[in-house]
Amino acid sequence: MNRFFLLLGLGMCTLATAQFPYSASVFEETYTPLTNPVSLGIDVGWDDPEVEIPLPFEVSIGEDDDIVTVLQISGTGEMLMGLSASAALNILWPISLDVMDIGAVEIEEESHIQYEVTGTSPNRILKVEWDEVGLYEEISELGTTTMRLSFQTWLYENGNIIEYRFGPNTMGDGSLDSEFLTSGLILDFDYDYYSGLFYTASGDPAVPEWSLTDDFYAWYYGNQMLNGVPENGTVYRFGPATNIAESSSDEHAILSLYPNPADGQCWMENQHNDLLTVTLWDAQGRSVSEVQLNQGQRVTLDVTSWESGFYAVQALQKDGSVHMQRLIIR
């Protein structure tokens, strides 16, 4: 449950209203390993490497006029962090898996993170490849490397296009035990306030559903994830868009929270016609309270000793439906 907090070390979410500039499409194309890759010089046995990728041309992630000045591999080794001239942090997240070099345990094999630039100006493509990477969970816990995958991220010089290209993998049905599996973009991210736009995939990786929200908690705790790793040859393309509706966790609330922000005490009231199980998490993803509310029931929550900040509130219905809200403690 705490995976995203560990990946980014985040804080809270505020509303963002900027127009989201991308829409996603999915197609199939034969996966081709890079033919003349440039090594990033990462030591054998790497885990969670942080290394900058040279930019061969002006790279725009997000708005066309916001040029990336630094592109860095970060997170748990599978994210591309793009910092722009306006200090916006845009995150490219091809697959949310904690990847690691199989060379940490294999004597004669290694995984590589590398890049290549193809084409001629003004139609070049920067291609970043994760080749035959393993998973930290398997390597650290079992010392084996049976689960491997290859994938690439392509950034186009022309057209503000981003692609995730998935190659062969040995995950297999049911072999991947991951509570957090998605793919997507996070734009205008603020580490201090959890603000940003989260555009991510869920469901069948061959025909995923794409959702956009500015509410981190609704997205992260909503449990809307991919049910597997995309198959060899799958491509997720993000191209220019003009109109994508944002979702909001505050619409049609079934749980009333007041006052909000709270100081000392907070009242929770079930406005639904059935039993609700309400769970609250702090900014580190730790459960701080859980209570069951019958229809119309109201309870008092003593938050006197709680740290100031933002808390995720999940209201779970008997049919499994989840509703998310935010509670602010002063």
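Above this text is the structure in question.
Quick notes on the rules
- Residues numbered from 1 in each chain as written.
- Predicted model: local features only at pLDDT ≥ 70, side-chain atom pairs only at ≥ 80, totals over all residues.
- Heavy atoms only, no water.
- Helix = DSSP H or I, 4+ residues; strand = E, 2+ residues; numbered from the N terminus.
- Buried < 20%, exposed > 50% of the residue type's maximum accessible area, 1.4 Å probe, protein only.
- Pairing = 2+ DSSP bridges.
- Polar contact = N/O pair within 3.5 Å; in protein donor to acceptor, adjacent residues only side chain to side chain.
- Contact = heavy atoms within 4.5 Å.
- Phe/Tyr/Trp six-rings, centres within 6.5 Å; stacked < 30°, edge-to-face > 60°.
- Lys NZ or Arg CZ within 6 Å of the ring centre and 35° of its normal.
- Core = buried A, V, L, I, M, F, W, Y, C linked by side-chain atoms within 4.5 Å.
- Salt bridge = Lys/Arg side-chain N within 4 Å of Asp/Glu carboxyl O.

Q: So what's going on with unusual backbone geometry? Which residues, and what values?
A: Geometrically, the link from Ser121 to Pro122 is a cis peptide bond, its omega value of 10° lying close to zero. The residue Pro122 is located in the loop between strand E9 (112-118) and strand E10 (125-135) in this model. Looking along the chain, the bond that leaves Tyr258 and enters Pro259 is cis, with omega of -10°. If you trace the backbone, Pro259 turns up in strand E17 (residues 255-263). Positive phi, normally seen in glycine, also occurs at Ala87, with a value near 75°. With respect to the helices and strands, the residue Ala87 is situated in the loop between strand E6 (79-84) and strand E7 (89-93). Taking relative accessible area as the criterion, Ala87 reaches 60% and is therefore assigned exposed. With a phi close to 55°, Asn160 is a non-glycine residue in the positive phi region. By secondary structure assignment, the location of Asn160 is in the loop between strand E11 (148-156) and strand E12 (162-169).

Q: Got a sec to walk through the pairing of E9? Specific residues and values, please.
A: For E9, a buried count of 5 out of 7 residues is recorded, marking the element as mostly surrounded by other parts of the structure. Inspection of the sheet shows strand E2 (residues 38-39) paired to E9 by 2 bridges, in the antiparallel sense. In the sheet register, Val38 faces E9, and the bridge partner there is Tyr115. Two strands pair when backbone bridges link them, and E9 and E10 are joined in this way by 7 bridges, in the antiparallel orientation. Paired with Glu116 across the two strands is Lys127, which belongs to E10. If you look at the hairpin formed by E9 and E10, you'll find 6 residues sitting between the two strands, and Gly119 has a positive phi there, around 85°.

Q: Break down the side chain of Gln317 for me, citing the residues and quoting the values.
A: Turning to its location among the elements, Gln317 is positioned in strand E22 (residues 309-317). There is a polar contact of 3.3 Å between the side chain of Gln317 and the side chain of His272. Not counting residues within four places of it along the chain, the set of residues in contact with Gln317 comprises Ile254, His272, Leu275, Leu276 and His323.

Q: So what's going on with the packing of aromatic side chains? Residues and values would help.
A: One pass over the full model with this rule turns up 12 aromatic pairs. Both rings, one in Tyr258 and one in Trp267, keep their centres 6.4 Å apart while their planes meet at 15°; by these two values the pair is stacked. With a relative accessible area of 25%, Trp267 lands in the partly exposed category. Following the ring pairs from residue to residue traces out a cluster consisting of Tyr164, Phe166, Tyr199, Trp210, Tyr236 and Phe238. Here the basic side chain of Lys127 rests over the ring of Trp154, its NZ or CZ set 4.0 Å away from the ring centre. One cation-aromatic arrangement involves Arg165 over Trp154; the distance from NZ or CZ to the ring centre is 3.8 Å.

Q: Lay out the environment of Asp319 in plain terms, naming residues and giving numbers.
A: Within the secondary structure, Asp319 sits in the loop between E22 and strand E23 (322-329). With relative accessibility at 58%, the residue Asp319 sits in the exposed group. Distance in space between the C-alpha atoms of Asp319 and Leu275 is 9.9 Å, their sequence separation being 44 residues.

Q: Residues and numbers for the nonpolar core, please.
A: The biggest cluster of nonpolar side chains holds 43 residues, and the ones touching the most others in it are Ile53, Ile61, Leu97, Leu149 and Ile162. Counting only elements with at least two residues in this core, the list comes to strand E5 (67-74), E9, E10, E11, E12, strand E13 (184-189), strand E14 (197-202) and strand E16 (234-240). If one sorts the elements of this core by residue count, E10 sits on top with 5 residues.

Q: Could you give an account of the pattern of salt bridges, naming the residues involved and the relevant values?
A: What the rule picks out here adds up to 7 salt bridges. The partner of Arg165 in a salt bridge is Glu29, with the nearest N and O atoms 2.9 Å apart. Of this pair, Arg165 sits in strand E12 while Glu29 sits in the loop between strand E1 (22-28) and E2, and the two are 136 residues apart along the sequence. For Arg165, a relative accessible area of 7% puts it in the buried group. When the shortest N-O distance is used, the salt bridge between Glu109 and Arg148 registers 2.9 Å. Of this pair, Glu109 sits in the loop between strand E8 (99-100) and E9 while Arg148 sits in strand E11, placing them 39 residues apart in sequence. Connected through salt bridges with shared partners, the residues Glu29, Glu163, Arg165 and Arg237 form a single ionic network.

Q: Give a description of the environment of Tyr164 that names residues and reports values.
A: Relative to the elements of secondary structure, Tyr164 occurs in strand E12. As for Tyr164 and Thr234, which are separated by 70 residues in sequence, their C-alpha atoms are 8.3 Å apart. With sequence-adjacent residues up to four places away left out, Tyr164 is seen in contact with Leu92, Trp93, Pro94, Gln152, Thr153, Ser183, Gly184, Leu185, Thr234, Val235, Tyr236 and Phe238. A polar atom in the side chain of Tyr164 sits 2.8 Å from the backbone oxygen of Gly184.

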